[in-house]
Amino acid sequence: METNQGDYFVIKAKDNGVHVIGLTRGQDTRFHHTEKLDKGEVMIAQFTEHTSAVKVRGKAIIMTRYGTIDTEQ
Ligand code: TRP
């Protein structure tokens, strides 16, 4: 896959201190980036050749092509 060809997703923080954590693609699954969002901040990101999974910690709305998820529900 080319670097910029992955699906986009949107994270909107509903609280201060929401963490968006990128996990590496491949044999070794580990955290490679943690982004901290404060209330109302929005992160738009993609899955890439470096990122195969994302973990969201805290109160947030996550929008993907598969639907929208509220972490509190
Ligand atoms: N350097 C990372 C990458 O290209 C940047 C990144 C993309 C990222 N999507 C992410 C970091 C999701 C955290 C969460 O893969």
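Scroll up to find the structure.
Attention here is on the structure that accompanies the text.

Calculation notes
Residues numbered from 1 in each chain as written. Predicted model: local features only at pLDDT ≥ 70, side-chain atom pairs only at ≥ 80, totals over all residues. Heavy atoms only, no water. Near = heavy atom within 4 Å. Polar contact = N/O pair within 3.5 Å; in protein donor to acceptor, adjacent residues only side chain to side chain. Nonpolar A, V, L, I, M, F, W, Y, C, P; charged D, E, K, R; others polar. Pairing = 2+ DSSP bridges. Helix = DSSP H or I, 4+ residues; strand = E, 2+ residues; numbered from the N terminus. Axes fitted to C-alpha atoms, helices over the stretch in contact; angles between N-to-C directions. Buried < 20%, exposed > 50% of the residue type's maximum accessible area, 1.4 Å probe, protein only. Contact = heavy atoms within 4.5 Å.

### Brief notes about the site of the ligand
And then number 1: The environment of the ligand is formed by Phe9, Gly22, His32, His33, Gln46, Thr48, His50, Thr51 and Val54.
And then number 2: The contact in question runs from an oxygen atom of the ligand to an N or O atom on the side chain of threonine 48, over 2.4 Å.
And then number 3: Here an oxygen atom of the ligand and a side-chain polar atom of threonine 51 are 2.5 Å apart.
And then number 4: Of the residues belonging to the shell around the ligand, the class tally is two nonpolar, seven polar and no charged.

### Some details on the sheet that holds strand E3 (residues 31-37)
And then number 1: The strand order across the open sheet built from three strands is E3-E2-E5, with neighbouring strands paired in antiparallel fashion. A strand with exactly one partner marks an edge of an open sheet, and here the two such strands are E3 and strand E5 (51-57). Sheet twist, expressed as the mean angle between neighbouring strand axes with direction ignored, is 20 degrees.
And then number 2: In this sheet, E3 lies alongside strand E2 (residues 18-24) in antiparallel orientation, the contact comprising six bridges.

### Looking at the environment of aspartate 70
And then number 1: On the secondary structure map, aspartate 70 appears in strand E7 (residues 67-70).
And then number 2: Among the residues examined, aspartate 70 registers a relative accessible area of 15% and is labelled buried.
And then number 3: For aspartate 70 and threonine 48, which are 22 residues apart along the polypeptide, the C-alpha to C-alpha distance reads 23 Å.
And then number 4: Excluding residues that lie within four positions of it along the chain, aspartate 70 makes contacts with Lys14, Ala60 and Ile61.
And then number 5: Within the structure, aspartate 70 has its side chain in polar contact with the side chain of lysine 14 (distance 2.8 Å).

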